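Structural description and commentary
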There are 2 protein chains.
Amino acid sequence: MAQRHRVVVVGGGFAGVDLCRKLKDAPCDITLIDRRNFHLFQPLLYQVATGGLSPGDIAAPLRTVVAKAKNVVTLLGEVEDVDVEKKQVILQDQAMVPYDTLVIATGVRHSYFGNDQWEKVAPGLKSLEDALEIRSRVLNAFEQAERAETREEREAWLRFVIVGGGPTGVELAGALGELASHTMKGEFRSIDSDDARIILIEGTGRILSMYKQHLSDHGVDALHDLGVAVLLNTKVTCIDADGVDVEGKEGKERIPAKTVLWAAGVTASPLAKLIAAKTGAKTDRPGRLIVEGDLTLPGHPEILVLGDLAHFAHTDDQQPLPGVATVAMQMGRHAAVVIERRIAQPDAAAGSGPLFHFFDKGTMAVIGRNEAVARIGFGLNLSFGGFFAWLAWLFIHIMYLVGFENRLLVLLQWANHYFTRHRGARLITGEGVGG
Amino acid sequence: MAQRHRVVVVGGGFAGVDLCRKLKDAPCDITLIDRRNFHLFQPLLYQVATGGLSPGDIAAPLRTVVAKAKNVVTLLGEVEDVDVEKKQVILQDQAMVPYDTLVIATGVRHSYFGNDQWEKVAPGLKSLEDALEIRSRVLNAFEQAERAETREEREAWLRFVIVGGGPTGVELAGALGELASHTMKGEFRSIDSDDARIILIEGTGRILSMYKQHLSDHGVDALHDLGVAVLLNTKVTCIDADGVDVEGKEGKERIPAKTVLWAAGVTASPLAKLIAAKTGAKTDRPGRLIVEGDLTLPGHPEILVLGDLAHFAHTDDQQPLPGVATVAMQMGRHAAVVIERRIAQPDAAAGSGPLFHFFDKGTMAVIGRNEAVARIGFGLNLSFGGFFAWLAWLFIHIMYLVGFENRLLVLLQWANHYFTRHRGARLITGEGVGG
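Residues numbered from 1 in each chain as written. Chains lettered and ligands numbered in written order. Predicted model: local features only at pLDDT ≥ 70, side-chain atom pairs only at ≥ 80, totals over all residues.

1. Some words on the packing of helix α1 (residues 14-22) of chain A against helix α11 (residues 325-344) of chain A
When two helices pack together, their arrangement is given by the angle between the helix axes and by the axis-to-axis distance. Residues and elements named next belong to chain A. Rules: Note on method: axes are straight lines fitted to C-alpha atoms, helices fitted across the in-contact stretch only, with angles between N-to-C directions ranging 0 to 180 degrees. Helix and strand assignments come from DSSP, with helices taken as H or I runs of at least 4 residues and strands as E runs of at least 2, each series counted from the N terminus. Handedness of a crossing is defined here by the sense of rotation of the near helix relative to the far one, left-handed for an anticlockwise turn of less than a right angle and right-handed for a clockwise turn. By the convention adopted here, residues are in contact when the distance between their C-beta atoms, placed from the backbone, does not exceed 7 Å.
One way to put it is that α1 packs onto α11 with a least axis distance of 7 Å and a crossing angle of 35°. For α1 against α11, the interelement crossing comes out right-handed. Taken together, the residues of α11 that come into contact with α1 (itself represented by Phe-14, Ala-15, Gly-16, Val-17, Asp-18, Leu-19 and Lys-22) are Ala-325, Ala-328, Met-329, Met-331, Gly-332, Arg-333, Ala-335 and Ala-336.

2. Focus on unusual backbone geometry
Residues and elements named next belong to chain A. Under the convention used in this document: Exposure is read from a count of other C-beta atoms within 10 Å of each residue's own; the residue is exposed at 12 or fewer, buried at 20 or more and partly exposed in between. C-beta atoms are placed from the backbone.
With a phi angle near 50°, Phe-113 is a residue other than glycine that sits in the positive phi range. Mapped onto the secondary structure, Phe-113 falls in the loop between β10 (108-110) and α5 (118-121). The residue Asn-233 is not glycine, and still its phi comes out positive at about 50°. In this fold, Asn-233 is placed in the loop between β13 (228-231) and β14 (235-240). A residue is classified by how many C-beta atoms lie within 10 Å of it, and Asn-233, with 14 of them, is partly exposed.

3. Points about the environment of Val-73 of chain A
In this structure, Val-73 of chain A sits in strand β5 (residues 72-76). Considering only alpha carbons, one finds Val-73 of chain A and Asp-29 of chain A, 44 residues apart in sequence, at a separation of 7.9 Å. Those residues in contact with Val-73 of chain A that sit more than four places away from it in its chain are Thr-31 of chain A together with Arg-189 of chain B.

4. Description of helix α10 (residues 271-279) of chain B
Residue and element names in this part refer to chain B. Which entries qualify depends on this criterion: As used here, the arc belongs to the directions running from the helix axis to the C-beta atoms.
When α10 is considered as a whole, its buried residues turn out to be Leu-271, Ala-272 and Ile-275. All buried residues of α10 lie within an arc of 100° about the axis, which places them on one face of the element. On its buried side, α10 packs onto β1 (5-10), β6 (79-83), β9 (101-104), β18 (266-268) and β19 (289-290). Following α10 by one or two positions, Gly-280 has its phi on the positive side, about 75°.

5. A word on the sheet that holds strand β14 (residues 235-240) of chain B
Residue and element names in this part refer to chain B. Note the following rule: The pairing criterion is simple: DSSP has to find at least two bridges between the two strands.
Here we have 3 strands laid out as an open sheet, ordered β14-β15-β16, and antiparallel in their pairing. Edge positions in the sheet fall to β14 and β16 (251-256), since each has one partner strand and no second. Taken over all neighbouring pairs, the strand axes of this sheet differ in orientation by 20° on average, direction set aside.

6. A look at the pairing of strand β2 (residues 28-34) of chain B
All names here are of chain B. Of all 7 residues in β2, 5 are buried, a share of seventy percent or more. Sheet analysis places β1 next to β2, joined by 6 bridges and oriented parallel. Residue pairing across strands places Val-10 opposite Ile-33, the latter belonging to β2. Sheet analysis places β2 next to strand β5 (residues 72-76), joined by 5 bridges and oriented parallel. Within β5, the position partnered with Ile-30 by the bridge is Val-72.

7. Some remarks on the sheet that holds strand β23 (residues 362-368) of chain B
Residues and elements named next belong to chain B. Ordered in space as β23-β24-β25, the 3 strands form an open sheet in which the pairing is antiparallel. In this open sheet, the two strands that pair with only one neighbour each are β23 and β25 (382-386). Within this sheet the neighbouring strands show an average axis-to-axis angle of 5°, counted without direction. Here strand β24 (residues 371-376) pairs with β25 via 5 bridges, running antiparallel. Across the sheet, residue Ala-372 finds its bridge partner in β25, namely Gly-386.

8. Here's the deal with the domain arrangement of chain A
All names here are of chain A. Heads up, the rule is: The source of the domain bounds is an automatic or database domain assignment. Residue type decides the class: Asp, Glu, Lys and Arg count as charged, Ala, Val, Leu, Ile, Met, Phe, Trp, Tyr, Cys and Pro as nonpolar, and the leftover types, Gly among them, as polar.
Per the domain assignment, the segments making up chain A are domain 1 (5-35 + 77-110 + 266-344) and domain 2 (118-264 + 363-420). Between domain 1 and domain 2, the C-alpha centre-to-centre distance is 32 Å. Taken together, the 4 residues of domain 1 in the interface contact 5 residues of domain 2. Looking at side-chain class alone, the side of domain 1 that touches domain 2 contains 2 nonpolar, 1 polar and 1 charged residues.

9. Describing the nonpolar core
For clarity, the threshold we go by: The nonpolar core criterion groups buried Ala, Val, Leu, Ile, Met, Phe, Trp, Tyr and Cys residues into a set whenever they are joined through C-beta atoms within 7 Å.
One finds Val-9, Val-103 and Leu-306 of chain A together with Val-9, Val-103 and Leu-306 of chain B to be the most contacted residues of the largest nonpolar core, which totals 266 residues. If sequence neighbours within four positions are ignored, Val-103 of chain B has contacts with Val-7, Val-8, Val-9, Val-10, Gly-16, Leu-19, Leu-304, Leu-306 and Ala-335 of chain B.

10. Examining the environment of Glu-187 of chain A
Along the chain, Glu-187 of chain A turns up in the loop between α8 (167-183) and β12 (197-201). C-beta crowding within 10 Å serves as the criterion here: with 19 such atoms nearby, Glu-187 of chain A is assigned to the partly exposed category. Expressed as a C-alpha distance, the spacing of Glu-187 of chain A and Pro-354 of chain A, which sit 167 residues apart in the sequence, is 58 Å. The contacts of Glu-187 of chain A, once residues within four sequence positions are left out, are Ser-193 of chain A together with Arg-63, Thr-64 and Ala-67 of chain B.

Okay, here's the thing in C-alpha cells:
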C-alpha cells in the first residue's frame, strides 16, 4: 500500500482546527501538534480576565474539537526544530514527525517593543494563563484598596492603566468599567468600587483605528460613560510596580497605579524566525512570515503559514490582513483546498496553488453592556455603534463558539450577567493570593 | 455611642459563611477573614479535578456570598498570631483586628502521616489549586500515554492509583473511571482511553466505612463496573514518581503508576496549634480543637471553634462529628445563637451557652453516573445504594449550592454531561504543561 500523504499542523488555533476539520475526508494522515491540550476561543479571553466567564467556557479539549476527523492524530508537544531538507519536525523530547506538507499556525504573542522588563508589571492578554493572571491582579487590587491605610495607597490600588487602544484594550477597559461601577457595587465597606479610575492610553490620535472616525469617537464616549478616561496621543515611557510614566501633548506625567495591563503590540511566535532562517522566507516588522497568494512560503510549496503568523498582503490595498479569527478560519479552510490539490498534483510548482481571497464579513468590538462598534462587510461597508452593534456582536460570538458544546450554557451565563450584572468567576487563584 | 460587639470570623467555609449570614441583623460588627477571596463548595471539588465542572461553578466571591449582611467586613488576609489576652488577631501584614468574640473555622488539610515527601508525587484534594493540579496531571497522563514508545511506559501512564477509600477517594475513582471509559473514548489514536487502570487502595477491610457493610460492598461492585480495582487491607509503604509500594495480605508489591492521588487523611489547619498553645485547649490526634457543648473553648467563652476544625464529641456515642458540610453549616448557625446570647448576657460563664445538637439528615457519596450510596437520617437510618441514591445526591447537592448564583447553570451543565458524557473543563493549565 502506498504511503498516504502526511500533513503536520503546528498550532491548534482557529486556522489549525478549521484545516483539520475540512480535511477529514481527504486521503491524508494529519498530525496536529500543540503545546496546550485545548483550543481557545481567544476573542472572549477578556471575559475570563474580568471574571465574566470561566476558562472552561471558552476552551475545549483539542482532541474533542477534532474528534470527528479520524485521520487526525493530536500530539501534546512543543516544536524545537524543523528539518526542511529531510521534511521532519523535531519536538522538544527529540521525537521526529515526518511530513509531506507542513502547516505553521502558531500565532502571535504580545510584544513590549524591546522593553521586556515591563512584562512582569504589565501582563498582556494572549493565553488563558494571562487571563487568569490579570483576573487575580484586578481582584486583588480591590482587596488591597479595601485594606489600604492611606488615601494615596488606596487611590493607587484603585487606578487601572491599560496600554493600547485597539480592540483588546477597549474591551478590557469596558469590562473593567462594568466590573467596578456595577458588579462589585456594595460589596466593599471602606471603599466604593465605583471610585476605581480606569485609564486607557493610546499612542496615536484615536482608538479602534481600524474603524471609521465616528466609531472611534463613539467608543471614547461609551468608555467615558463607564468611567474610563481615554488619553490619546500619549506614549508610555516607563512602567514599574507603582505606575507608569507617560508623555503626551501636555508634557510628561507620572500616573501612580498598582495595576497596569498591556494591550499594545504583538510579535510573531518564535517558530517564525526558525522557519525564516531555514527557508529564506521574509518576515515583516512584527516577525510574521510573508506568504504567497496560495498561503505557501516562496520556493516551498510544501510549507503553508496560516492565521496571525501569516503576513498576507495580496489584497486590493496591499495591506496585510488583520490578525483576527475570521481571517484565520478562512485561511484554514483554504489551506485544505491547497493541500487537496497538492495530493492530486504532487509536482505542481511552488506558489501555483489556488489563490486565497479573504471574504470580509465585517468586524466588531464590544465596549460594555449594550455598547459595541461594528463594521458590516459583505461588500456593504456599513459602520454603526450602540445597542444593535452589541446585539450583533453577541449573536455572532455565540454562533461561532462552534465545537464548544457549552455554547448554550455560555449564552445562559451571559443572560444571567446581563440581568443581574453578576460575574461568577471572580476567583483569585494561583500563587499571587496576596497578603 | 457604646462600642458594638465585635465578632472576628477566621475562615469563609460553610461554618463561617452561615454564621455571618445568620448574624446579619444582630447588633454586632463582624470581620470575616480568609486567605482566599472566595467561598468554595468543597463537596464538588472532585468534579473540578476530573474536568466535569469549572472552578467558577463551585466557588463564589466571599464578598458576594455575605453581601446582604451589611454588618460584615470581608478581609483578604492570613492570620499570623492571636493575642488572647488583648483579644486581637494579628494578620501577616501586622494589621491588628480586635475582637470581643473570636470564631475559628479554618478547616483541615490533607495529611501524609509524617511522609510529607509524598505530597509532591501524590497531591491531595482540598483546595481549588489541588483540583486543578490533579486535573492537569490526569489529562497529561493520557497525553503522555498516547506518545509513549514502549508498552511498559504506556501502561505506567495509564495506571492511576488513589490512596484512601473514604468518600473523596471513591468519588475521585468513580469520576476517573467515567472519564476514561466514556468521556474520552475515541479521542486517542495509539491508545484506548478505556485501557486505563484505576486502582483504589484502602488500608482497612472496607471502603466508605461510615456506611453499613452492604453499602461498602455495593460501592466495590459499582466501582468495579467502572473499571476500578479496589485493594482492601492494603497499606502504602512508599510513593515515588514512578509508582507505589504496597503491603497487603499477599505480601509486598510494587505498582508502577505515573499518577498517584492522595485521599487518605486530614490534619487540622495550623491555626489550631497556635490557639491550643495560647488557650491551653486540648487537641485530638489530627490536631482538631476539642470544644465544649456550646462550641466554645474550655475557659474561653469568647472563642468558638466550628466546622472541620472542631472536635465535638458531645454525642450519644461520644464519637466526634464527621468533618462534613452539614455539620459545619449547623455549627455556623448555632454559633450565631451563642453569640447573640453573649451580646445579651456579656457576663455568662464559660461553656454555659446553649448546647449544640447535630440534626443528622443523612449522608451520601456518589460513585458514578446513576450510582451512589446514601444513608437517610431524620431518625430513620435508612441505607440504600443505586440510581435513587444518585438522584437524591444530585438533588441535594444542587439545592445546597445556595448563594451560588449559577446553581441553575451547574444543573444544566450536569444535564449536558449526563446525556452526552462530555466533560467541558478538560484543560491542562499552569506550569505543568508537559513535554
